[in-house]
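Topology and contacts: notes
Take a look at the letters that make up each chain.
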Amino acid sequence: MNQKIVILLSLISTSFIFAQSVEGIITDKDNKPALETEVLITKNETKFSAITDENGMFKIPLKENGDYLFEIIKDGVKTNSEKITIKGAHRKDIQLKEAPVTEQKIEGVTVTAKKKLFERKVDRLVFNVENSVASQGIDAIEALAKTPMVKTSDDAISIAGKSNVAVMINDRLLNLNGQELINYLKTLRSDDILKIEVITTPPAKYDAEGKSGLINIILKKNANLGWNGSIQTSGNYFWGRPTVSARSGATFNYQGEKLSLSTNLSTGDNYWYYTTYNYLTGTTNNNYWNRDSQNLNNYKYKSGNLKAEYKINDKNLVGINYNYSHSNPMETGESVSERFNEQGLLNINSNFRNRNSRDVHNATAFYEAKIDSAGGKLSLTANMMLNNSNARNFSNTITSETISTMANPISKYRIYSGQADLEKTFGKIKTESGLKYTKIKNDSEFNFFSIENGQYNLNTDRTNTFFYNEQNYAAYFSTNFKISEKWDAKAGLRYEYTTLEGISMNDNTSAQIKYGKFFPTAYISYKPNENHSFSLNYSRRISRPYFGNLNPFKYYTSEYEYSTGNPYLLPSFSDNFEFGYVLKNSLNFTLYYNYNKDSWDRVQMVDGNYRYTVAKNFYNEDQAGINISYNYNKLKWLESSIFLNGFYAKSKSYDSSITPAPAGYSANLNIDNSIFLNKEKTVTFMLGLWGSLPNRNGNTYYYANSSLYTGLKLAFMEKKLLVNFYLNDILNTNREKGIEYYPTYNIDYQYKGITRNVHLSLTYKFGNNNVKGATKQVKFEESNRAGGGS
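Here goes a summary of the coordinates provided.

Conventions and cut-offs
- The residue count restarts for each chain, going from 1 along the sequence in the order it is written.
- With pLDDT at 70 or above as the cut-off, local features in this predicted model cover only qualifying residues; side-chain atom pairs require 80 or more to be listed or tallied, and sums for whole chains, interfaces and linings still use all residues.
- Note that water and hydrogens are dropped before the side-chain values are worked out from all heavy atoms of the structure.
- The secondary structure listing takes helices from DSSP runs of H or I that are at least 4 residues long and strands from runs of E that are at least 2 residues long, numbered from the N terminus.
- Partly exposed describes any residue whose relative accessible area lies between the buried limit of under 20% and the exposed limit of over 50%, with all areas from a 1.4 Å probe on protein chains only and scaled to the type maximum.
- Contact criterion: two residues are considered in contact whenever any of their non-hydrogen atoms come within 4.5 Å of each other.
- We get accessible surface area from the Shrake-Rupley algorithm with a probe of 1.4 Å; when it comes to residues, only the shown protein chains can shield them.
- Two rings belonging to Phe, Tyr or Trp (six-membered ring only in the last case) form a pair when the distance between their centres is within 6.5 Å. Interplanar angles under 30 degrees mark stacking, angles over 60 mark edge-to-face geometry, and anything in between is tilted.
- Here, a charge over a ring is recorded when the distance from Lys NZ or Arg CZ to the ring centre is within 6 Å and its angle to the ring normal is within 35 degrees.
- What counts as a salt bridge is simple: a side-chain nitrogen of Lys or Arg found within 4 Å of a carboxyl oxygen of Asp or Glu.

1. Some points on the overall build of the protein chain
A tally of helices and strands in the protein chain yields three helices and 48 strands. In the protein chain, which comprises 790 residues, the proportion classed as buried is 50%. Taking contacts inside the protein chain between residues at least 6 apart in sequence as the whole, the part at least 24 apart equals 66%. Roughly 36600 Å² of accessible area belongs to the protein chain as shown, and the carbon and sulfur atoms make up 56% of that amount.

2. What to know about the packing of aromatic side chains
Tallied over the entire structure, the rule returns 33 aromatic pairs. A ring pair is formed by Trp227 and Phe252, whose centres lie 6.2 Å apart and whose planes are at 25°; its orientation type is stacked. With Trp227 in strand S19 (residues 226-238) and Phe252 in strand S20 (residues 244-255), this residue pair connects regions lying 25 residues apart in the sequence. For the cation-ring pair, Lys517 lies above Phe573, with the distance from its terminal atom to the ring centre recorded as 5.5 Å.

3. Some points on unusual backbone geometry
Its identity as a non-glycine residue notwithstanding, Met717 has a phi of 55°, on the positive side. With respect to the element layout, Met717 can be found in the loop between strand S44 (705-716) and strand S45 (721-728). Here Glu718, not a glycine, exhibits a phi torsion of approximately 55°, which is positive. Here Glu718 shows up in the loop between S44 and S45.

4. Notes on the pattern of salt bridges
As enumerated under the stated definition, the model contains 20 salt bridges in all. For Lys92, the salt bridge is made with Glu82, and the minimal N-O distance between the two is 3.0 Å. Remark: Glu82 occurs in strand S6 (residues 77-86) and Lys92 occurs in the loop between strand S7 (89-91) and strand S8 (94-95); sequence separation between them is 10 residues. On the basis of relative accessible area, Lys92 is assigned to the buried category, the value being 15%. Of the charged contacts in the structure, one is a salt bridge between Arg494 and Glu496, with a shortest N-O distance of 2.7 Å. Given the relative accessible area of 6%, Glu496 is considered buried. By sharing partners, the salt bridges in this structure join Asp207, Glu209, Lys436, Arg494, Glu496 and Arg544 into a single network.

Rendered as structure tokens:
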């Protein structure tokens, strides 16, 4: 009985405490109930809110009488804002305005209606994904495709036409690359992404490796305790092909008071078919070497990821991150060649069947400590990557006789790194400093067999073991300071010292290289008001060769063709300047200039009866251009984005055996439209186009290219079930075609894959969608150099 009396008294006292309230009905411009509309009442930074029901009704209890700021938010836009005085129960019925207010000043309070889609920070361009309706309900790869200056495909991510882009999550680099990176990003949902930062001139805290810049994906912070999960499946159907590509995955997130967990599993069976031609024509004689080929790839993989974070207390956090992937791709192909030289005409047919097995382990451990109340932080990180690869590659070369071979390349590379980063603020000046050590070790064994009468005979002349060791030492310091309310500046300096050694056991050769370089960065930004933002940036970068390109051993793909590396291949350096301007957080302009010194690429050479590819430093390049991006969302039923990159490029070769491509202008265009077919925006029609004009790089001239896509995006069951349906490359125009220039011959080539296809994906989410799980990642830039071969 006493308990019931206490409860009754509590209810009575509560009714007196909250005797003040605001209630009413919100209607739209057609005088219909405005459901799911947020009403916000604020006094002295204390906020009270409610969401209207299906009748447009709301009621907000208040603790005291007085003056309040009354605001209404519909679809992320503030439509009404005014001061009200509360004395007891207050009735407030509102009819929404036909168009949202854009900017309104009420007794010293400025109300900004539209959420910002783009922001120009001192050293990066920010795309606020959560403010883009068209970017919801998709995976991270699709969200990146809608980001200014970023282009994605099934196997690559690029910024303004530059490939080999490094991707970070929450300011920590993913220790994944190539197909493993794409597969992982497909497990991330755009609903969990707060914003995407495009950093074309990375500051000193990041490794100086790579000319293309960085992409930083910022996830939403955990708002609630609990768990959630999702399952996804997708597939591509290819016209004229009996097989489809498929991918399935599952994710799970848990957020507790101290422990956060995230895990995902995925498996895929990717199918890819492509045809190529490669025609070499002499310019000083009648020689030619033409090759037509067709290839079929079947890339099967399984991968998993586990992330865990433990909050020791409010100042200390520890965590681990482990990724594993297993793939066993199989590639088959055949080619027909005609070679004509001083010895006459020779017809060459060849075919191959390659089967590879690769296991990749990535492990990370980190510790973070807050050292003061001003945002000071100490971070310690350790990374490890292990890659074991074993292949069996069979080939046949058919002329007047048939020669059969089998190659067995075995590669084991290890990457270890450790770093310490310190952030410290002194008044208005924020500083960052750190140290890093990296060790790369690659043991590559290449066994080559001649097959005669079913017997495998080791060919010692074509068998080799290659040892590669590299060590990198780095230190950096940067400072970020606010000059005034409108001016910001940032500057930094990074020093990296590298030692490397490559040893080829077959020919008993070795190469040792040591070098140390400074990499300065500088940024300044000016923001006179909310509608205008200016920035000026500079950075110096380095592009180190993949260590597979340093192996001098000859890898024969037929009896007349092989590829080889170059143990004396040097890194290339680039100086990058940018001037940026953003208008009303929607229209972005970036003027840029890059100077690239000692750039390297793979080139095709002829040596008597042999044709081979080799990596060489051979040119310097100047490139200047402008990027323009614009996002339009003023209509409720349409969200559109457009990106245009126009530039001029000029290369100069200092190798007499390689001719630079003619200098000239070029441009890239991306247009993406999302048309919402209902008021709830759960049915979206999509139409997009990308294209590029002819361009040049080094000794290669690339022809124009384009692709058109359309599709539907559907959301069911309160947006827990998501369905995406795309028709890709509708006109079947996507292909790579170009010319390579040399003093005595030119090479015309084309690569055409089955880009016209139907894509269908299903995602079902369950649990508390506000839970994000463990979200920390760590920097591990060196892993990007392990996966490339050219």
